[in-house]
Amino acid sequence: MKFSTILKFLACLALPIAIGGLSALFSGTGDNPWFKALDKPSFNPPAAVFSPVWTVLYILMGISLFLIVQCKPSHLRTKAIV
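So, a few notes on the structure that sits alongside this text.

Rules behind the numbers
- Residues numbered from 1 in each chain as written.
- Predicted model: local features only at pLDDT ≥ 70, side-chain atom pairs only at ≥ 80, totals over all residues.
- Heavy atoms only, no water.
- Helix = DSSP H or I, 4+ residues; strand = E, 2+ residues; numbered from the N terminus.
- Buried < 20%, exposed > 50% of the residue type's maximum accessible area, 1.4 Å probe, protein only.
- Contact = heavy atoms within 4.5 Å.
- Expected span 1.5 Å × (residues − 1).
- Phe/Tyr/Trp six-rings, centres within 6.5 Å; stacked < 30°, edge-to-face > 60°.
- Lys NZ or Arg CZ within 6 Å of the ring centre and 35° of its normal.
- Patch = residues over 30% accessible without salt bridge, like charges linked within 9 Å, V, L, I, M, F, W, Y side chains within 5 Å.
- Areas by Shrake-Rupley, 256 points an atom, 1.4 Å probe, with all protein chains shown as cover.
- Salt bridge = Lys/Arg side-chain N within 4 Å of Asp/Glu carboxyl O.

1. Here we look at the environment of L65
Among the secondary structure elements, L65 is positioned in helix α3 (residues 47–70). The exposure class assigned to L65 is buried, which follows from its relative accessible area of 18%. It is 35 Å that separates the C-alpha atoms of L65 and K36, two residues lying 29 residues apart in sequence. Residue contacts for L65: discarding those within four places in its chain leaves C12, L15 and I81.

Next comes the structure, spelled out in structure tokens:
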């Protein structure tokens, strides 16, 4: 694999992970008393599950972006990136 391809891949991974990190930073710790007081359904997952799941989702978004960037330039590719 070429060095430029590896850099593209890392940049595509870094973008959604950075955006996710910023959103976590601005949204706070999640210890909102209002949310804790809600009546949640029995199938509501524990709070410890959300962080790893969101991390995996952001990594998958980065991989998807990389695959789209690798396609030939077209109107649909540009639309998908935007």
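2. Observations regarding α3
Across its 24 residues, α3 extends 36 Å between first and last C-alpha, which sits within 8% of the 34 Å expected from 1.5 Å per residue. Of the positions making up α3, those classed as buried are Y58, G62, L65, F66 and V69. Considering only its buried residues, α3 is in contact with α1 (3–27) and α4 (75–81).

3. Some points on α1
Given a rise of 1.5 Å per residue, 25 residues ought to cover 36 Å, and the 36 Å separating the end C-alpha atoms of α1 matches this to within 8%. Of the residues making up α1, those classed as buried are T5, C12, L13, P16 and G20. Residues of α1 that are buried make contact with α3. Remark: G28 follows α1 within two positions and exhibits a positive phi of approximately 95°.

4. Side note on the packing of aromatic side chains
Counting across every chain of the model gives two aromatic pairs. Note on F9 and F66: the rings are 5.1 Å apart at their centroids and 85° apart in plane angle, and the pair reads as edge-to-face. One end of the pair, F9, is in helix α1; the other, F66, is in helix α3, with 57 residues separating them in the sequence. The exposure class assigned to F9 is partly exposed, which follows from its relative accessible area of 27%. The ring of F35 is capped by K40, whose NZ or CZ atom sits 4.8 Å from the centre of that ring.

5. Concerning a nonpolar patch on the surface
Together, I17, V49, F50, V53, W54, V56, L57, I59, L60, M61, I63 and L67 give the surface a local cluster of nonpolar side chains, amounting to about 980 Å² of exposed area. In terms of residue count, α3 provides more of the nonpolar patch than any other element does, eleven residues in total. Tracing the sequence through the fold places L67 in helix α3.

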